[in-house]
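# Notes for the structure review
If you want the building blocks of each chain, they are given just below.
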Amino acid sequence: MAGEAEPVAGDTLQPAPGRACGSCTMCCKVLEIADLSKAAGKWCVHVKPGRGCGVYDTRPGVCREFYCDWMVDARYGPEWKPDTAKFAISPLTQGTNLLIAVDPNFPNAWRKEPYHRQIREWVKACEAMGKFVLVRIGQRCIALLPDKDVELGAVGVNDDLFVSRDAGPSGYVYSVEVRRRPD
Ligand code: SF4
Ligand code: SF4
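Residues numbered from 1 in each chain as written. Chains lettered and ligands numbered in written order. Predicted model: local features only at pLDDT ≥ 70, side-chain atom pairs only at ≥ 80, totals over all residues.

### Comments concerning the site of ligand 1
Neighbouring residues of ligand 1: Cys21, Cys24, Thr25, Met26, Cys27, Tyr67, Cys68, Trp70, Met71, Pro82 and Ala88. Here the shell around ligand 1 is built from residues that sort into 10 nonpolar, 1 polar and no charged. (Near = placed C-beta within 6 Å. Nonpolar A, V, L, I, M, F, W, Y, C, P; charged D, E, K, R; others polar.)

### Points about the sheet that holds strand β6 (residues 140–145)
What the 5 strands build is an open sheet, ordered β3-β4-β5-β6-β7; its pairing is mixed. The two strands at the open ends of the sheet, each matched to only one other strand, are β3 (87–90) and β7 (148–154). Across the sheet, the mean angle from the axis of one strand to that of its neighbour is 20°, orientation sign disregarded. In the sheet, β6 pairs with β7 via 6 bridges, with the strands oriented antiparallel. Along β7, the bridge assignment pairs Leu144 with Asp149. (Pairing = 2+ DSSP bridges. Helix = DSSP H or I, 4+ residues; strand = E, 2+ residues; numbered from the N terminus. Axes fitted to C-alpha atoms, helices over the stretch in contact; angles between N-to-C directions.)

### Some points on the nonpolar core
Of all hydrophobic cores here, the largest spans 35 residues; its most connected members are Val30, Phe87, Ile100, Ala101 and Val135. Sorting the residues of this core by element identifies α1 (27–30), α3 (69–72), β3, β4 (98–102), β5 (133–137) and β6 as the ones contributing at least two each. (Core = buried A, V, L, I, M, F, W, Y, C linked by C-beta atoms within 7 Å. Buried ≥ 20, exposed ≤ 12 C-beta atoms within 10 Å, placed from the backbone.)

### Quick word on the pairing of β4
Here β4 lies mainly inside the structure; 5 of its 5 residues are buried. Across the two faces of β4 the burial is the same, with Leu98, Ile100 and Val102 and Leu99 and Ala101 all buried. Where β3 lies against β4, 4 bridges are found, and the strand directions are antiparallel. Along β4, the bridge assignment pairs Ile89 with Ile100. In this sheet, β5 lies alongside β4 in parallel orientation, the contact comprising 4 bridges. Its bridge partner lying in β5, Leu99 is registered against Leu134. In this fold, β4 hands off to helix α5 (residues 115–128), which returns the chain to β5; that crossover is right-handed. (Right-handed = clockwise from strand over helix to strand, strands pointing away.)

Next comes the structure, spelled out in structure tokens:
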């Protein structure tokens, strides 16, 4: 995996009608971008926060092709715009699961309403598809499983996450394992 902002191969995401980044530069902070040696949760050296990209005409392809879910899905209301919500939602690199990349200055933004209730609905929907939701706050990750949230500590984008479940007395009991890989 080259970084969380790597677009899915063959992906042709386009902004929804009327959607524009405007003053938002959240993805230039919250995502890891391997092509720029940029860690998750740190501003890109090229960003002008609140104004856009300082190297817009020559920005790397990964930046040209990336759109967060708010940009491509008109069902998200204005409260979900990343510079308002303080987090950006996108599919993980492989095109599966869901990544909620949170501004480390607002680490609990995703726990607030109206966000948290909807996020828990996505956790249930993801379970039905064999996927799960991952919250990333810089290097810190939290796996949102159907029966609980699991603090994973620091997780690199090269690390693998495996979610499993076992039958319990009152439903499935979920667990998640981090298999670390060298950078
Ligand atoms: S997080 Fe979304 S809206 Fe904000 S700059 Fe990135 S793509 Fe645009
Ligand atoms: S190069 Fe520009 S678009 Fe890409 S992360 Fe940096 S500031 Fe954002």
